[in-house]
Amino acid sequence: MVVNVAIYLVTCVTPAVVFWLASKTPAMVAALRRHGEPVPAGLPIERLAADLRRVRHALEGLAPGAPMVRRRATCQAYDALLVQACAALGLRHWLDDLPEGVERDVERLRVEEALRGAGLAVP
C-alpha cells in the first residue's frame, strides 16, 4: 500500500517539477552568461562627451569678473572629465601630475587634440 502511494505521488509531482524547472532554465542560463561578461567601469563615452561639451561651454562663458573660485572649480571639473575620457579611450595624460600654469594648459590642449584624434567630439 505504501509503495502504491509513493508511486502515485511521484507520478503526480514529477510533471509539475519538470515544467517548473523548464520555465526557470532560460533565466538561469542568462544569469550564468551575464556572470562572465565584464561590467563597464565608468560613464558611457557619450555621456562623457556631452559633459565635456557642457563644462567647456560653461568655462568659456565665464564673465571676466567671475569669482576665481568658480573659475578654478569649473577648470578642475573640465580636467576631471578629460581624465575620465582618456581612461575610457586608453589615452595617456599628465593632467594629474602637472601643477596649475602654462604646462597644464598646454597638456590640456594636447589631451583635447588626442581625444579629437580618437574620434571624441570635443569643441
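Residues numbered from 1 in each chain as written. Predicted model: local features only at pLDDT ≥ 70, side-chain atom pairs only at ≥ 80, totals over all residues. Heavy atoms only, no water.

## Some details on the environment of Glu-100
Among the secondary structure elements, Glu-100 is positioned in the loop between α3 (68-89) and α4 (102-117). For Glu-100, a relative accessible area of 51% puts it in the exposed group. Separated by 55 residues in sequence, Glu-100 and Ile-45 have C-alpha atoms that sit 26 Å apart. (Helix = DSSP H or I, 4+ residues; strand = E, 2+ residues; numbered from the N terminus. Buried < 20%, exposed > 50% of the residue type's maximum accessible area, 1.4 Å probe, protein only.)

## Quick notes on helix α2 (residues 45-60)
When the terminal C-alpha atoms of α2 are compared, their 22 Å separation across 16 residues agrees well with the 22 Å that a helix rising 1.5 Å per residue should span. Regarding α2, the residues found buried are Leu-48, Ala-49, Asp-51, Leu-52, Val-55, Arg-56 and Leu-59. Each buried residue of α2 lies within a common arc of 165° when the element is viewed along its axis, so the set occupies one face. Exposed and facing more than 90 degrees away from the buried side of α2 are Glu-46, Arg-54 and His-57. Along its buried surface, α2 packs onto α3 and α4. (Expected span 1.5 Å × (residues − 1). Arc of directions from axis to C-beta. Contact = heavy atoms within 4.5 Å.)

## A short note on the packing of α2 against α3
Think of two packed helices as two axes; the pair is described by the angle between the axes and how far apart they sit. Here α2 crosses α3 at 155°, and the two axes come no closer than 9 Å. Here α3 runs roughly antiparallel to α2, going by the angle between their axes. In this structure, α2 crosses over α3, and the sense of that crossing is left-handed. Here α2 contributes Ile-45, Leu-48, Asp-51, Leu-52, Val-55, Arg-56, Ala-58 and Leu-59 to the contact with α3, which in turn contributes Arg-71, Thr-74, Cys-75, Ala-77, Tyr-78, Leu-81, Leu-82, Gln-84, Ala-85, Ala-88 and Leu-89. Here the contact of α2 with α3 is built from residues that sort into 14 nonpolar, 2 polar and 3 charged. (Axes fitted to C-alpha atoms, helices over the stretch in contact; angles between N-to-C directions. Parallel < 35°, antiparallel > 145°, perpendicular 65-115°, else oblique. Left-handed = near helix turned anticlockwise from the far one by under 90°. Nonpolar A, V, L, I, M, F, W, Y, C, P; charged D, E, K, R; others polar.)

## Here's the deal with α3
If you check α3, its first and last C-alpha atoms are 31 Å apart, about what 22 residues at 1.5 Å a residue would give, namely 32 Å. All buried positions along α3 are accounted for by Thr-74, Cys-75, Tyr-78, Asp-79, Leu-81, Leu-82, Val-83, Ala-85 and Cys-86. Just downstream of α3, Gly-90 is the residue with a positive phi angle, here 75°.

## Details of the nonpolar core
Of all hydrophobic cores here, the largest spans 19 residues; its most connected members are Leu-52, Tyr-78, Leu-82, Val-111, Leu-115, Leu-120 and Val-122. Going through the elements one at a time, α2, α3 and α4 are the ones with two or more residues in this core. Those residues in contact with Val-122, other than ones at most four positions away along the chain, are Leu-52, Tyr-78, Glu-112, Leu-115 and Arg-116. (Core = buried A, V, L, I, M, F, W, Y, C linked by side-chain atoms within 4.5 Å.)

## Some words on a nonpolar patch on the surface
Where nonpolar side chains cluster on the molecular surface, the patch consists of Met-1, Val-5, Tyr-8 and Leu-9 and spans about 500 Å² of accessible area. Residue classification places Tyr-8 among the exposed positions, given a relative accessible area of 55%. (Patch = residues over 30% accessible without salt bridge, like charges linked within 9 Å, V, L, I, M, F, W, Y side chains within 5 Å. Areas by Shrake-Rupley, 256 points an atom, 1.4 Å probe, with all protein chains shown as cover. Salt bridge = Lys/Arg side-chain N within 4 Å of Asp/Glu carboxyl O.)

## Quick word on the pattern of salt bridges
Taken as a whole, this structure holds 10 salt bridges when the rule is applied. The shortest N-O distance in the salt bridge between Asp-51 and Arg-47 comes to 3.5 Å. Here Asp-51 pairs with Arg-47, and both are found in helix α2, just 4 residues apart, close to one helical turn. Among the salt bridges present, the one from Asp-79 reaches Arg-108, with a minimum N-O distance of 2.6 Å. Remark: Arg-108 occurs in helix α4 and Asp-79 occurs in helix α3; sequence separation between them is 29 residues. The pair formed by Asp-79 and Arg-108 is uniform in burial state, with each residue classed as buried.

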